[in-house]
Every structure is written in C-alpha cells, then in structure tokens.
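The lines below spell out each chain.
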Amino acid sequence: MEKYKDILDKAYEAMDNAYAPYSNFHVGACVKTKNGKYFIGANIENASYGLTNCAERNAIFQTYSQGYRQDDIEALAIVGQGNTLITPCGACRQVLVELLKRDTPIVLGTGEKVLVTNIEELMPMAFTNEAL
Ligand code: THU
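J.: With reference to specific residues and values, describe the nonpolar core.
T.: One finds V31, I60, L76, I78, L100, I106 and I119 to be the most contacted residues of the largest nonpolar core, which totals 23 residues. Elements with a minimum of two residues in this core: β1 (27-33), α2 (55-65), β3 (73-80), α3 (90-99), β4 (106-110) and α4 (119-122). Setting aside anything within four residues of it in sequence, one finds L100 in contact with I60, Q70, I73, L76 and I106. Within the second largest apolar cluster, ten residues are counted, among which are Y4, I7, L8 and V79.

Okay, here's the thing in structure tokens:
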C-alpha cells in the first residue's frame, strides 16, 4: 500500500534488529508522528521468556519517551516474517489501547499482504482509564 510504504519499509528494517534467539521469530514496528519523525522497534527476548518485549511496544515506548503523545501519532506499522500477518498480542493491545487513539491506523504487513486496522477494531470493550 503506497500510502504506508515509508513506515512499512522502516518496520522491515527494524525487523533486522530483533533479538530473538529463543523463538527465531523476528518482528519489526515503526511509529510515524504527524511531524514526520519515525520511531522503530524490534522484539527483544530474554532467557526468562516472559520478559520479552514485543516490537510494537518498543516502538510506541520509544515514541512516548521522546515526548510524543497519542495526538501526535499518524500511524503504526507492524511486520513479521513468513506468510501470516502479525497481529499484536494481548499485552500489546492493552498498551496500545491506552497510548494510541482509537482510530489511528495500525498497518499490518507480511510478505505481499497488508491490512490496515486500528485498536478499536483489535480490542473492542477494552478496559481503559475511562473506567477508573
Ligand atoms: N512478537 C512481537 O514482537 N509482536 C507481535 O505482535 C507478536 C509477537 C514477538 C514476541 C516474541 O519475541 C516472538 O514474536 C514470538 O512470539
């Protein structure tokens, strides 16, 4: 999808930085801000498997760490290897529902496949700070 070529390309580049000696499954992600900055992330695993941080969480945390917030974010891309589109795990959805706007495009890409969705679609009826 031409519109998202830039963030998809950068997400694929980020995939090369994955540290995934346990799963050997590399994932890349890229956030684009409305002022044209890119923040990439890759999955970083650990011998204590549960401490693994997914690519999209790393990318969104990088973005927030540089002072950007949800209104500043244009889109997030997540890409993986193989033939099956990568969709964010449950933990990442909970993080993204708080840190992205409900309708911010989330662009999923693998091989030739591209699917554009958003966190509202990926996580209906989420628990959020609105309930607190
Ligand atoms: N992974 C991600 O980085 N993002 C996803 O959306 C799905 C899963 C990573 C976690 C782990 O390092 C590897 O993929 C296999 O689960």
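This is not the end of the story, as more comes after the structure.
J.: Pulling in residues and values, what's your account of the site of the ligand?
T.: Taken together, 13 residues lie near the ligand, and N43, E45, C54, A55 and E56 sit nearest. At a separation of 2.9 Å, an oxygen atom of the ligand approaches a polar side-chain atom of N43. One of the backbone nitrogen or oxygen atoms of A55 is found 2.9 Å away from an oxygen atom of the ligand. Along the lines of polarity and charge, the residues of the shell around the ligand split into seven nonpolar, four polar and two charged.

J.: How would you summarise the environment of A29 if you had to cite specific residues and measurements?
T.: Relative to the helices and strands, A29 is located in strand β1. Leaving out residues up to four positions away in the same chain, A29 has contacts with A11, A14, F39, I40, G41, A55, E56, A59, L76, A77 and I78.

J.: Describe the pattern of salt bridges, with residues and values.
T.: Per the stated rule, a full pass over the model turns up six salt bridges. E74 is the partner of K32 in a salt bridge, and the nearest nitrogen-oxygen pair spans 3.9 Å. Taken together, the residues K32 in strand β1 and E74 in strand β3 connect sequence positions 42 residues apart. Owing to a relative accessible area of 16%, K32 belongs among the buried residues under this scheme. E120 is the salt-bridge partner of R102, the closest N and O atoms lying 3.5 Å from each other. Within this pair, whereas R102 is found in the loop between α3 and β4, its partner E120 is found in helix α4, the two being separated by 18 residues in sequence. Using a relative accessible area of 39% as the deciding quantity, one classes E120 as partly exposed. One continuous salt-bridge network, built from bridges that share partners, spans D6, K32 and E74.

J.: So what's going on with the environment of Y19? Which residues, and what values?
T.: Inspection of the secondary structure puts Y19 in the loop between α1 (5-15) and β1. By relative accessible area, which is 43% here, Y19 ends up partly exposed. The sequence separation of Y19 and L85 amounts to 66 residues, and the corresponding C-alpha distance is 20 Å.

J.: Please set out the side chain of T104 residue by residue, giving values where relevant.
T.: Positionally, T104 belongs in the loop between α3 and β4. Apart from the residues lying within four places of it in its own chain, the contact partners of T104 are I73, E74, A75, T117 and N118.

J.: Can you lay out the pairing of strand β2 (residues 38-42) for me, pointing to particular residues and giving the numbers?
T.: Here five bridges tie β1 to β2, and the two strands are oriented antiparallel to one another. Directly across from G28, in β2, lies its bridge partner A42.

J.: How would you summarise the sheet that holds β4 if you had to cite specific residues and measurements?
T.: Reading across from one edge, β2-β1-β3-β4-β5 is the order of the five strands in this open sheet, with mixed pairing throughout. The open sheet has two edge strands, β2 and β5 (113-117), and neither has a second partner. Shown here is a sheet whose adjacent strand axes are inclined to one another by a mean of 15°, direction ignored. Here β4 runs beside β5; their pairing, made up of five bridges, is antiparallel. Across the sheet, G109 pairs through a bridge with V114, a residue of β5.

What counts and what doesn't
Residues numbered from 1 in each chain as written. Predicted model: local features only at pLDDT ≥ 70, side-chain atom pairs only at ≥ 80, totals over all residues. Heavy atoms only, no water. Core = buried A, V, L, I, M, F, W, Y, C linked by side-chain atoms within 4.5 Å. Buried < 20%, exposed > 50% of the residue type's maximum accessible area, 1.4 Å probe, protein only. Helix = DSSP H or I, 4+ residues; strand = E, 2+ residues; numbered from the N terminus. Contact = heavy atoms within 4.5 Å. Near = heavy atom within 4 Å. Polar contact = N/O pair within 3.5 Å; in protein donor to acceptor, adjacent residues only side chain to side chain. Nonpolar A, V, L, I, M, F, W, Y, C, P; charged D, E, K, R; others polar. Salt bridge = Lys/Arg side-chain N within 4 Å of Asp/Glu carboxyl O. Pairing = 2+ DSSP bridges. Axes fitted to C-alpha atoms, helices over the stretch in contact; angles between N-to-C directions.

What is shown is where atoms sit, not what they do.
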